[in-house]
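# Observations on chain architecture
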Amino acid sequence: MIVTIMDGCTGCGACEAINPDVFHIDSTAHVDSSKIPGNEQDCIDAALICPVNAIWVEDI
Ligand code: SF4
């Protein structure tokens, strides 16, 4: 799975609240790709809850 933060992230922190291992906020969200395995559902949930649809999840 590939998780990408797109333009438009407001740094609201909602994704980090769902999974602070994968998502880190530093004015905008950043993804620690090494933490995605085993946390795929949290990545999908974060993408669904992101208020500006800034999380792109690609299931490869
Ligand atoms: S939930 Fe969306 S807008 Fe909020 S910090 Fe995460 S990526 Fe950015």
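These numbers were taken from a predicted model, which means no experiment stands behind them.

Looking only at helices and strands, the protein has two helices and four strands in total. Going from the N terminus to the C terminus, the protein shows its helices and strands as β-α-β-β-α-β. The C-alpha atoms of the protein give 10 Å as radius of gyration, which agrees with the globular expectation for 60 residues (10 Å, within 12%). Scored against the burial criterion, the 60 residues of the protein give a buried share of 18%. Expressed as a percentage of contacts within the protein between residues at least 6 apart in sequence, the contacts between residues at least 24 apart total 51%.

Attention now moves to the environment of isoleucine 5. Mapped onto the elements, isoleucine 5 comes out in strand 1 (residues 2-5). In this structure isoleucine 5 comes out as partly exposed when scored by C-beta crowding, with 16 C-beta atoms within 10 Å. Dropping the residues within four chain positions of it, isoleucine 5 is found in contact with Thr28, Ala29, His30, Val31, Ala54 and Ile55.

Attention shifts here to the nonpolar core. With eleven residues, the main nonpolar core is built from Val3, Cys15, Ile18, Val22, Phe23, Ala29, Cys43, Ala46, Cys50, Ala54 and Ile55. At the level of secondary structure, the elements contributing two or more residues to this core comprise helix 1 (14-18) and helix 2 (40-49). Ignoring any residue separated from it by four or fewer positions in sequence, one finds cysteine 15 in contact with Phe23, Ala29, Ala46, Cys50 and Ile55.

On to the environment of methionine 1, then. With respect to the helices and strands, methionine 1 occurs in the segment before strand 1. For methionine 1, a count of 13 C-beta atoms within 10 Å gives the class partly exposed. Every residue in contact with methionine 1, bar those within four places of it in the chain, is listed here: Ile36, Glu40, Cys43, Val57, Glu58, Asp59 and Ile60.

Okay, unusual backbone geometry next. Notably, serine 27 is not glycine yet its phi reads approximately 70°, a positive angle. Topologically, serine 27 is positioned in the loop between strand 2 (23-26) and strand 3 (28-31). A positive phi angle, close to 55°, is found at asparagine 53, a residue other than glycine. Within the fold, asparagine 53 resides in the loop between helix 2 and strand 4 (55-58). Since 11 C-beta atoms lie within 10 Å of it, asparagine 53 is described here as exposed.

Cut-offs used in this document
- Positions within a chain are numbered from 1, following the residues in the order the chain's sequence is written.
- Owing to the predicted nature of the model, reporting of local features is limited to residues with pLDDT of at least 70; listing and counting of side-chain atom pairs is limited to 80 or more, with chain, interface and lining totals taken over all residues.
- Under the scheme used here, helices are H or I runs from DSSP no shorter than 4 residues and strands are E runs no shorter than 2 residues, and both carry numbers assigned from the N terminus.
- Taken over C-alpha atoms, the radius of gyration is set against a globule rule of 2.2 Å times the number of residues to the power 0.38.
- For every residue, the other C-beta atoms within 10 Å of its own C-beta are counted; 20 or more classify it as buried, 12 or fewer as exposed, and values in between as partly exposed. C-beta atoms are placed from the backbone.
- For every residue pair, C-beta atoms are placed from the backbone, and the pair is scored as a contact if these atoms sit within 7 Å.
- What makes a nonpolar core is a set of buried Ala, Val, Leu, Ile, Met, Phe, Trp, Tyr and Cys residues, with links drawn between C-beta atoms within 7 Å.

Purely spatial values, then, with no claim about function.
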